[in-house]
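Inside the fold
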Amino acid sequence: MVNTGVTLCGIPLDNPIIPASGTFGYGQEFAKLYDINLLGTFSFKGTTLHPRYGNPTPRIAESASGMLNSVGLQNPGVDKVISEELPALAKVFHKPVMANVSGFSVEEYAEVCRRFDACDQIGWLEVNISCPNVHDGGMAFGTDPHAAAAVTRAVRAVTKKPILLKLSPNVTDITEIARACEAEGADGVSLINTLMGMRFDLRSRRPILRNGTGGLSGPAVFPVALRMVWQVANAVSIPVVGMGGVSSADDVLEMMLAGASAVEIGASNLVNPYICRDIVAALPAAMERYGISSFESWIGGTKAWQET
Ligand code: SIN
């Protein structure tokens, strides 16, 4: 009998499986398909201070073993999330949820987090400083250690809930950004957000995405994500949530071996809406296959190799 439980910033999870923000809405659509309480938790759609329609379409493009999105943070705004989405979620999900927060200024990040701080249903605040699809915010905060530190400091000041900064892979040294967040009081980091990419339509000679560029996710990015999770886990002492191209129980175990305390699953939900349920079900047998009775000694277990 294996133990799939993990602890994320002091909060216990039945298992490390977390559908990633932007691929699971506010939970309602998936709750119609299966009992979402079998998940560790999930991270809801990136929420901003004001409602947003997102970017003009087309905002999805296909790619080999992946996809590009340029959604542009479409969401109903923090007040509607608090007054409508969270009460609706309480009817179908009985665990602490992860709130994903986006912003266009340090003050906006802090204000959204301040409002979410009063919500008992919210366990963690995942502060997204890495959205590549908006022009005056998002990734701009996650590609400069000083800006990442400023957001972390401002958010830290308004909440006692665990805060995880969601990091961008579109940097030279992701460990520098992770360390800057840790130094300002982050309880954890999550990574990677999408890799900036582009596709052209050969007939129109224009980008397929109306926004020009978008973020690449899906199995194509898994080895890049794994490398960055491993680098960051070796650079900071706070928990790391790994994500990027995860689509099987074995991928989850590999992410955790690289140092992830929990694992988010994103693009795969859009290919198979049951993928997270199926991975939760497959996890015990996968653990047994590799002789893992619990995750304690498995997380970051590459250290023995590194010391040889
Ligand atoms: C989006 O809404 O554009 C995606 C969010 C993200 O990549 O951070």
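These remarks concern the structure in this document. Owing to the predicted nature of the structure, the values given are computational and were not obtained by experimental measurement. (Residues numbered from 1 in each chain as written. Predicted model: local features only at pLDDT ≥ 70, side-chain atom pairs only at ≥ 80, totals over all residues. Heavy atoms only, no water.)

**Some details on the sheet that holds strand β10 (residues 195-197)**
Just so we agree on the cut-off: Should DSSP find at least two bridges between two strands, the strands are taken to pair. Put simply, DSSP H or I for four residues or longer makes a helix, DSSP E for two residues or longer makes a strand, and each gets a number counted from the N terminus. To define axes, lines are fitted to C-alpha atoms, for helices over the stretch in contact only, and angles between the resulting N-to-C directions are given on a 0 to 180 degree scale.
Spatial strand order, β4-β5-β13-β10: 4 strands in an open sheet with antiparallel pairing. Both outer strands of the open sheet, β4 (60-63) and β10, are each paired with one neighbouring strand and no more. Neighbour-to-neighbour, the strand axes of this sheet turn through a mean angle of 35 degrees, independent of strand direction. Here β10 pairs with strand β13 (residues 214-217) via 3 bridges, running antiparallel. The residue bridging Gly-197 from the neighbouring strand is Gly-214, located in β13.

**A word on the site of the ligand**
Our working rule: Here a residue counts as near a molecule or strand whenever at least one of its heavy atoms sits within 4 Å of it. Polar contact is defined as a pair of N or O atoms within 3.5 Å, subject to the rule that within protein one atom must be able to donate a hydrogen and the other to accept it, and that residues adjacent in sequence are counted only when both atoms are side-chain atoms. Each accessible area is a Shrake-Rupley estimate made with a 1.4 Å probe; only the visible protein chains count as cover when residues are assessed. Only Asp, Glu, Lys and Arg are considered charged in this grouping, and only Ala, Val, Leu, Ile, Met, Phe, Trp, Tyr, Cys and Pro are considered nonpolar; every other residue, Gly among them, is considered polar.
By nearness alone, every residue bordering the ligand is listed as Lys-45, Asn-69, Val-71, Gly-72, Leu-73, Asn-128, Cys-131, Pro-132, Asn-133 and Asn-193. A distance of 2.8 Å is found between an oxygen atom of the ligand and a side-chain nitrogen or oxygen belonging to Lys-45. Between Asn-128 and the ligand, the recorded distance is 2.8 Å, taken from a side-chain N or O atom to an oxygen atom. Alone, the ligand offers 260 Å² of accessible surface; in the complex the protein occludes 91% of this. In terms of residue class, the shell around the ligand is made up of 4 nonpolar, 5 polar and 1 charged.

**Digging into the nonpolar core**
Generally speaking, soluble globular proteins have nonpolar side chains that are buried together. Rules: Take the buried Ala, Val, Leu, Ile, Met, Phe, Trp, Tyr and Cys residues and link them wherever side-chain atoms come within 4.5 Å; each set so joined is a nonpolar core. Classification of residues uses two cut-offs on accessible area relative to the type maximum, computed with a 1.4 Å probe and protein chains only: under 20% is buried, over 50% is exposed, and between them is partly exposed. Contact between two residues is taken to exist if any of their heavy atoms lie within 4.5 Å; hydrogens are not considered.
Counting 88 residues, the largest nonpolar core has Leu-8, Phe-44, Phe-116, Ile-129, Leu-165, Leu-167 and Leu-191 as the members making the most contacts within it. Beyond its immediate stretch of four places on either side in the chain, Leu-165 contacts Val-127, Ile-129, Val-151, Thr-152, Cys-181, Ala-186, Gly-188, Val-189 and Ser-190.

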